[in-house]
Amino acid sequence: MKVLKFGGTSVGSSKNINSVMQILDNYSKDGAVICVVSAVGGITDKLLRAGNQAKNKDNDFINTFGIIKDIHFEIINELNPDNNSSILTTVESKLNELKSLLDGIYLINELSPKTSDKLVGFGEALSSFIIAETMKNRGLSAERKNSQDLIITNSNFTKAEVNFGITNNNIKDYFKSANQQITILPGFVAHSTLGEQTTLGRGGSDYTAAIVAAALQVEQLEIWTDVSGMFTTNPELVKQAYPIQNISYQEAMELSHFGAKVLYPPTVQPVLDLNIPIHIKNTLQPHAVGTIISNDDTNGFKPVKGISNINNIALLTLQGSGMIGIPGFSKRLFETLAQEKINVVLITQASSEHSICLGVDENDSEAAKTAIDLVFENEIALHKIDPIIVETGLSIIALVGDNMKNHQGISGKMFSTLGKNNINIRAIAQGASEKNISAVIDKKDVKKALNTLHEQFFETQTKQLNVFITGVGNVGERLVEQIKQQKKYLKENLKINLRIIGLSNSRTMIFDEDGIDLKTWKTQLAKGEKATLEGFFENTKALNLRNSIFVDVTANKNVANLYANYLRESIGVVACNKIACSSDYENYRLLKRLSLKYNAPYLFETNVGAGLPIIDTLNNLIASGDKITSIQAVLSGSLNFVFNNFNDDTKFHDVVKLAAAEGYTEPDPRIDLSGVDVARKILILARESGVEMNLEDIENTPFLSELGLKSDTVDDFYQSLSDDEAHYQNIYSSAKANHCQLKYVAQFNNGKASVGLHEIPEGHPFYNLEGSDNIVMFYTQRYPEQPMIIKGAGAGADVTASGIFSDIIRIGNN
Ligand code: ADP
Ligand code: ASP
Ligand code: MG
């Protein structure tokens, strides 16, 4: 004999009930089958809602009743289009009973636990009746038996305790003489020894099935639901969760106690002693393997089996210097909670015994506080202990696994993973058996916590990076395209799952928690919501995704001003915008400190030399113990272009105009030609070498004419270049006479930095620098004579985008 239980979704529509009947028909060919059914999906909640509406004199209870009625009638009509009158008559009379009960609740303004049990019992009564009658209509050998005649409990309404002595005998007696092949039993409902209707607690149909399975000592208990087994974690919150094939009773119990709703926690107990395996199966995918809960755990070597969560937890903290001396303190505390029927989900006590923390259901927190404060009234008055502190809006997350005790460092890994993602841990509990490590965290962090822990313990293979890009102009667009092109490669070769979650230009912004479709990002962005810098930050923060990275591909000061906000939320920052790094030294330091404190990388490789690995190399030299003594560099693609094209046949003014037209200069060419841009770059390199320096500290010897330096507008500036052509020709002639090339050089020597135009003789590494190339020479303690040289294209959208991309991957590899 087999016992199968079908949950709310499984009997939630005529289509699903047809699948259930198909499964039962197949099983019954091999012997008798007992089928426990839940109420039609959502009906228990609706019954409770109608009851509460009636109690509160809210006439909407009639509408809710109407919905309940319609749902059942629709199912009956769809299942039995030709032969439904007798079913409808009985269901109608049951619904009339229900309506009378609701009217009564309305009249007396009261919904006691006892009445509530009577009310919710209609759900299973209706579903089991409809299914049994439909099966009979189809010629199957089926009978409904009311489990209230079999399962006997105490009068602890809404969560009654079973009297196993009487119950087991009832079940055995009934099935000894039952002749039908298929017996349909309503789950969840029972009778008290006094004959009152009781229930076994929300989700209790699983328990009904386990009670029957144990009483009859069947070979297997099957729980059919809407997912393909017990998952590594809640599949609604973690897309990567997958079904666990084998799991021990203890592990399943822990996971369900800590929130894995797929199995009602008491279900394991009755079958555990008899070693009856529980098989969790999916009604909607009957061929999926599912999960087997038993003692034969074939993959028990895995330390962490699953991760679960309970929401709506309140933390009660009792503390006070006098706590140690209070006799029977714990006894009084826990007795009080037991009397109030308050379930304690988690306990932690500091070894000093000065404080004790309890996790309880948020709904119980006020009652708990009142009761405990009352019991310790005297001690509180004498200031031996403080009034209890209640914190709400919390959740518990728990790692579960029988084998965790044999593996060191699991809790360390758990807490460091949470810490790295800026998830604040409020309390920790680890049982002596080490089957469970739990942490209390903010409810808002649950999804992020489950996802990062799942990645850490179950998907060690891949790391998800969640990227938010601001600025999709020339460079930003190239970056998005490069990411699109490399996505597959990164996943397969570097095990990095790179997703763009947010995109913004100055007009609009878009977000997609599951990753923006990169084939259509442009059209999506055009239709996006109005962009604001704060809005982009707030959305990024609210999504609260692990390994989030904000990418700034603008040259905007206001964007740079928000980096600190991102870092404080443990969101990494990758910037090609060099404003922040070359701003006031204090600000640069602050960002560096925040990056360390919040474990959020702050990378800006493209601030100097576009895609060339200049800053990374510098950082690596320093990290490995080297010291920078000097930096000699040509860091301006624009100035290089200008001086490479300035000769006997060209005019300085025309060359600058050409550079601007080709996109080599900033829109305001004075930023390049005055040397400010290069000064910012050498400043960043000096700072990264460990020197405290500001832009004013850099010696800047201008090569521009007086007129050029003083010009107020860009037009005036160009005019000055024409007017002072002779000045520029002199500079060129001198270099030519000396057989030199003109290069705009940045230097850093012994803690001092300078920028200026130099005549470079033949043979010097700078002499042959072409086009817009950059070159950097690092002289260090380890490279005293022959410098380490980095040279290559130092400007351009593609190389800059690839530099930003490298920073993102660098974060992924860490
Ligand atoms: P039923 O109505 O069939 O009893 P439940 O809704 O009670 O179904 O339980 C199944 C649901 O449990 C799933 O749809 C899923 O959302 C939720 N769930 C939470 N944690 C887990 C987990 N670890 N494994 C599987 N399902 C889980
Ligand atoms: N119908 C009940 C509930 O929703 C029992 C169950 O489905 O297991 O809680
Ligand atoms: Mg359930």
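Parameters and conventions
Residues numbered from 1 in each chain as written. Chains lettered and ligands numbered in written order. Predicted model: local features only at pLDDT ≥ 70, side-chain atom pairs only at ≥ 80, totals over all residues. Heavy atoms only, no water. Domains from an automatic or database assignment. Contact = heavy atoms within 4.5 Å. Buried area = accessible area lost by both parts, 1.4 Å probe. Salt bridge = Lys/Arg side-chain N within 4 Å of Asp/Glu carboxyl O. Polar contact = N/O pair within 3.5 Å; in protein donor to acceptor, adjacent residues only side chain to side chain. Nonpolar A, V, L, I, M, F, W, Y, C, P; charged D, E, K, R; others polar. Pairing = 2+ DSSP bridges. Helix = DSSP H or I, 4+ residues; strand = E, 2+ residues; numbered from the N terminus. Axes fitted to C-alpha atoms, helices over the stretch in contact; angles between N-to-C directions. Expected span 1.5 Å × (residues − 1). Buried < 20%, exposed > 50% of the residue type's maximum accessible area, 1.4 Å probe, protein only. Arc of directions from axis to C-beta. Near = heavy atom within 4 Å. Areas by Shrake-Rupley, 256 points an atom, 1.4 Å probe, with all protein chains shown as cover. Parallel < 35°, antiparallel > 145°, perpendicular 65-115°, else oblique. Left-handed = near helix turned anticlockwise from the far one by under 90°.

Asker: Quick one: what's the story with the domain arrangement of the chain, residue by residue and with numbers?
Answerer: As far as domains go, the chain holds domain 1 (7–218), domain 2 (222–297), domain 3 (306–446), domain 4 (463–609) and domain 5 (614–794). Using only C-alpha atoms to locate each centre, domain 4 and domain 5 end up separated by 29 Å. Facing the 13 residues of domain 4 at the interface are 19 residues of domain 5. For the pair domain 4 and domain 5, the summed buried area comes to about 1,400 Å², and 59% of that belongs to carbon and sulfur atoms. Between the two partners, domain 4 and domain 5, sit two salt bridges. In this structure, Lys578 engages Asp677 in a salt bridge whose closest nitrogen and oxygen atoms are separated by 3.4 Å. For the pair domain 4 and domain 5, the number of links is nine residue pairs in polar contact (both at pLDDT 80 or more). For the side of domain 4 that touches domain 5, the per-class residue count stands at five nonpolar, four polar and four charged.

Asker: Go over the sheet that holds strand β26 (residues 699–701) with me, naming the residues and quoting the values.
Answerer: Two orientations exist for strands paired in a sheet by backbone hydrogen bonds: parallel and antiparallel. With mixed pairing, the six strands of this open sheet are ordered in space as β26-β28-β27-β25-β29-β30. Each edge of the sheet is formed by a strand with only one pairing partner; in this case those strands are β26 and β30 (788–793). On average, each strand axis in the sheet is inclined to that of its neighbour by 20°, with strand direction left out of account. By the bridge criterion, four bridges tie strand β25 (residues 628–634) to strand β27 (residues 740–749) in an arrangement that is antiparallel. Opposite Ala633, over in β27, you have Ala746 as the bridge partner. Against the sheet, helix α28 (residues 725–737) makes contact with β27 and β28 (752–761), and its axis sits at roughly 95° relative to β27, the strand it touches most.

Asker: Outline helix α6 (residues 164–177), supporting the account with residue identities and numerical values.
Answerer: For α6, built from 14 residues, the straight-helix expectation of 20 Å at 1.5 Å per residue is met to within 8% by its first-to-last C-alpha distance of 20 Å. For α6, the complete set of buried residues consists of Thr167, Ile171 and Phe175. Each buried residue of α6 lies within a common arc of 45° when the element is viewed along its axis, so the set occupies one face. Away from its buried face by more than 90 degrees, α6 exposes Lys176 and Ser177. Along its buried surface, α6 packs onto β2 (33–37), β4 (152–153), β5 (182–186) and α7 (205–216). Its side-chain oxygen 3.2 Å from the backbone nitrogen of Gly165, Asn163 forms the N-cap of α6.

Asker: Could you give an account of the pairing of strand β15 (residues 389–400), with specific residues and numbers?
Answerer: Pairing of strand β12 (residues 306–319) with β15, which is carried by nine bridges, proceeds in the antiparallel orientation. Bridging across to β15, Ser308 finds its partner in Ala398. Where β15 and strand β17 (residues 436–442) come together, seven bridges link them in antiparallel fashion. Paired with Leu394 across the two strands is Asp442, which belongs to β17.

Asker: Account for the environment of Leu140, with residues named and values stated.
Answerer: Mapping Leu140 onto the fold places it in the loop between α5 (113–137) and β3 (142–144). Expressed as a C-alpha distance, the spacing of Leu140 and Leu494, which sit 354 residues apart in the sequence, is 57 Å. Ignoring any residue separated from it by four or fewer positions in sequence, one finds Leu140 in contact with Asp25 and Met135.

Asker: Go over the environment of Thr392, please, and point to the residues and values.
Answerer: Note that Thr392 resides in strand β15. Taking C-alpha positions, Thr392 is 9.8 Å from Gly359, a pair spaced 33 residues apart along the chain. In this structure Thr392 touches Ile313, Ala314, Glu362 and Ser365, once residues within four positions along its chain are discounted.

Asker: Run through the site of ligand 2, naming residues and quoting values.
Answerer: Lining the immediate surroundings of ligand 2 are Ser38, Thr44, Glu124, Phe188, Arg202, Gly203, Gly204 and Ser205. Between ligand 2 and the protein, one listed contact pairs an oxygen atom with a backbone N or O atom of Gly203 at 2.8 Å. Here an oxygen atom of ligand 2 and a backbone polar atom of Gly204 are 3.4 Å apart. Contact with the protein chains hides 86% of the accessible area of ligand 2, taken as 270 Å² for the molecule alone. Class assignment for the residues of the shell around ligand 2 results in one nonpolar, five polar and two charged.

Asker: Kindly report on the site of ligand 1, identifying the contributing residues and their values.
Answerer: Taken together, 16 residues sit near ligand 1, with Thr225, Asp226, Phe231, Glu236 and Lys261 positioned nearest. Between Thr225 and ligand 1, the recorded distance is 2.7 Å, taken from a side-chain N or O atom to an oxygen atom. Within the side chain of Lys261, one N or O atom sits 2.9 Å away from an oxygen atom of ligand 1. Grouping the constituent residues of the shell around ligand 1 by class yields six nonpolar, six polar and four charged.

Asker: Can you explain the environment of Ile105? Please cite residues and give values.
Answerer: With respect to the helices and strands, Ile105 occurs in helix α4 (residues 85–108). Placed 48 residues apart in sequence, Ile105 and Lys57 show a C-alpha to C-alpha distance of 8.9 Å. Excluding anything up to four places from it in sequence, Ile105 contacts Gly51, Ala54, Lys55, Glu110, Leu111, Thr115 and Leu119.

Asker: Account for the packing of helix α1 (residues 14–28) against helix α3 (residues 61–79), with residues named and values stated.
Answerer: For the pair α1 and α3, interaxial distance at closest approach is 9 Å and the crossing angle is 55°. In terms of their interaxial angle, α1 and α3 are classed as oblique. Helix-helix and strand crossings are classified by hand; for α1 and α3 the assignment is right-handed. In contact with Ser14, Ile17, Asn18 and Met21 of α1, α3 contributes Ile75, Glu78 and Leu79.

Asker: Describe in detail the pairing of strand β20 (residues 508–511), supporting the description with residues and values.
Answerer: Examined bridge by bridge, strand β19 (residues 496–504) and β20 share three bridges and lie antiparallel to one another. Following the sheet pairing, Leu503 is matched in β20 by Ile510. Remark: three residues form the turn of the hairpin made by β19 and β20, two consecutive strands paired antiparallel. The pairing of β20 with strand β21 (residues 529–530) spans two bridges and is classified as antiparallel. When the sheet's bridge partners are listed, Thr508 is paired in β21 with Lys530.

Asker: Describe the side chain of Gln632, and please don't skip the residues or the numbers.
Answerer: With respect to the helices, strands and loops of the structure, Gln632 is situated in strand β25. A polar atom in the side chain of Gln632 sits 3.1 Å from the side chain of Ser630. Within polar-contact distance, the side chain of Gln632 engages the side chain of Asn749 at 3.4 Å. Apart from the residues within four sequence positions on either side, Gln632 is in contact with Ala746, Gln747, Asn749, Phe766, Ile775, Val776, Met777 and Tyr779.

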